[in-house]
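The chain contents come next:
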Amino acid sequence: MIAIQAPATVSPTTRTLLTCAAVAGPLWSVVSLTQAATREGFDLTRHPLSLLSTGSLGWLQIANFVLAGALSIAGATGLRRALRGAPGGTWAPLLLRVTGIGMIAAGVFVMDPGDGFPAGTPAGFGTLSWHGLGHMAAGSITFIALIAACHVLGHHFHRAGHPGHALASHLAGSALLLGNAWAMSGGTAGSLTLAVGAITAMIWVSWVAARYRRRTV
């Protein structure tokens, strides 16, 4: 089999766009986990990271979603340029763009307070509002697109002759798929498994962007 490689070099503009994608995952993860560790009453084994969008400091997580989404959309353009002509060069950037749009929507449509967070909120999940429903829909779109992007990148690396990278891509997508499925089934510490899966997939996509970013003219 002949290995198919992405272009050996990328332009300075493409490099800047890929930087956006490289930053998106780590930025969202650090901001989210810092809040999870410091905000009163938040328990990652019970509360999804999206719940950080509620309360007096909720604007931090809302901005985190919107900024990471915007960076992903910009980064998708860079990834499309870097992977032009390579396997997955059309679908991986498209799926990353959908991921970014979904993240922005998840920031705009805020999750409803519940299960004791923010502090003082009664136990239980309460009433689902229209914006809470919108957040669930946006989250589903984001997860599906991100899972698919990881598996498309796995195909890309397999065809390019990088089996280790291909395996990592598939594992990252599977981590999010399984983490989300466990959370949706009501499994123990489901919000934690979802967070681990989402962060793993986002960091992997950022790593891929950083990898192609280094191929500069």
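Caption draft 1: Representation of the environment of leucine 177 within the structure. Checked against the element boundaries, leucine 177 lands in helix H5 (residues 163–184). By relative accessible area, which is 45% here, leucine 177 ends up partly exposed. For the pair leucine 177 and phenylalanine 143, spaced 34 residues apart in sequence, the C-alpha to C-alpha distance is 7.9 Å.

Caption draft 2: Focus on the side chain of asparagine 180. Within the secondary structure layout, asparagine 180 lies in helix H5. Dropping the residues within four chain positions of it, asparagine 180 is found in contact with Phe143 and Leu194.

Caption draft 3: Looking closely at the pattern of salt bridges. The final tally for this structure, using the stated rule, is one salt bridge. Here arginine 46 makes a salt bridge to aspartate 115, at a shortest N to O gap of 3.3 Å. Pair noted here: arginine 46 is in the loop between helix H1 (12–38) and helix H2 (58–82) and aspartate 115 is in the loop between helix H3 (91–108) and helix H4 (130–159), with a separation of 69 residues, a long-range link. Classification of aspartate 115 as buried rests on a relative accessible area of 17%.

Caption draft 4: Up close: the layout of surface pockets. Here the largest pocket is characterised by a volume of approximately 1,000 Å³. Along the wall of the largest pocket there are 37 residues; nearest its centre are Pro48, Ser50, Met111, Met184 and Leu194. At the level of secondary structure, the elements contributing two or more residues to the lining of the largest pocket comprise H3, H4, H5 and helix H6 (190–213). Its residues assigned to classes, the lining of the largest pocket shows 20 nonpolar, 14 polar and three charged.

Caption draft 5: Region of interest: H3. Its 18 residues place the ends of H3 26 Å apart at the C-alpha level, agreeing with the 26 Å of an ideal helix rising 1.5 Å per residue. Within H3, burial applies to Ala92, Pro93, Leu95, Leu96, Thr99, Gly100, Gly102, Met103, Ala106 and Gly107. Residues of H3 that are buried sit in contact with H1, H2, H4 and H6.

Caption draft 6: Region of interest: the state of the cysteines. Scanning the model with the defined rule gives zero disulfides in all. Free cysteine cysteine 20: the closest other cysteine sulfur is in cysteine 150, separated by 19 Å. The class for cysteine 20 is buried, based on a relative accessible area of 18%.

Caption draft 7: Expanded view of H5. The terminal C-alpha atoms of H5, which comprises 22 residues, lie 31 Å apart, in line with the 32 Å expected from a rise of 1.5 Å per residue. Of the residues making up H5, those classed as buried are Ala166, Ser169, Ala172, Gly173, Leu176, Gly179 and Asn180. At its buried positions, H5 is contacted by H4 and H6. Glycine 186 sits one or two positions beyond H5 and adopts a positive phi of about 80 degrees.

Caption draft 8: Summary view of a nonpolar patch on the surface. Among the surface-exposed residues, Leu57, Trp59 and Leu60 lie close enough to one another that they form a single nonpolar patch of about 290 Å² accessible area. Among the structural elements, leucine 60 can be located in helix H2. Its relative accessible area of 30% is what places leucine 60 among the partly exposed residues.

Caption draft 9: Molecular detail of empty space enclosed by the protein. A complete count under the given rule lists one cavity of 30 Å³ or more for this structure. One number sums up the size of the largest cavity: a volume of about 90 Å³. Considering the residues around the largest cavity, the lining is formed by Ala21, Ala24, Gly25, Ser72, Leu96, Thr99, Met103, Leu146, Met202, Val205 and Ser206. At the level of elements, H1, H3 and H6 are the ones that each hand at least two residues to the lining of the largest cavity. Partitioned by chemical class, the residues of the lining of the largest cavity number seven nonpolar, four polar and no charged.

About the criteria used
- Residues numbered from 1 in each chain as written.
- Predicted model: local features only at pLDDT ≥ 70, side-chain atom pairs only at ≥ 80, totals over all residues.
- Heavy atoms only, no water.
- Helix = DSSP H or I, 4+ residues; strand = E, 2+ residues; numbered from the N terminus.
- Buried < 20%, exposed > 50% of the residue type's maximum accessible area, 1.4 Å probe, protein only.
- Contact = heavy atoms within 4.5 Å.
- Salt bridge = Lys/Arg side-chain N within 4 Å of Asp/Glu carboxyl O.
- 1 Å grid on protein atoms, 1.4 Å probe; cavity = no way out; pocket = protein on both sides within 12 Å on 5 of 7 lines; lining within 4 Å.
- Points joined across faces, edges and corners; volume = space filled by probe spheres on them.
- Nonpolar A, V, L, I, M, F, W, Y, C, P; charged D, E, K, R; others polar.
- Expected span 1.5 Å × (residues − 1).
- Disulfide = S-S within 2.5 Å.
- Patch = residues over 30% accessible without salt bridge, like charges linked within 9 Å, V, L, I, M, F, W, Y side chains within 5 Å.
- Areas by Shrake-Rupley, 256 points an atom, 1.4 Å probe, with all protein chains shown as cover.

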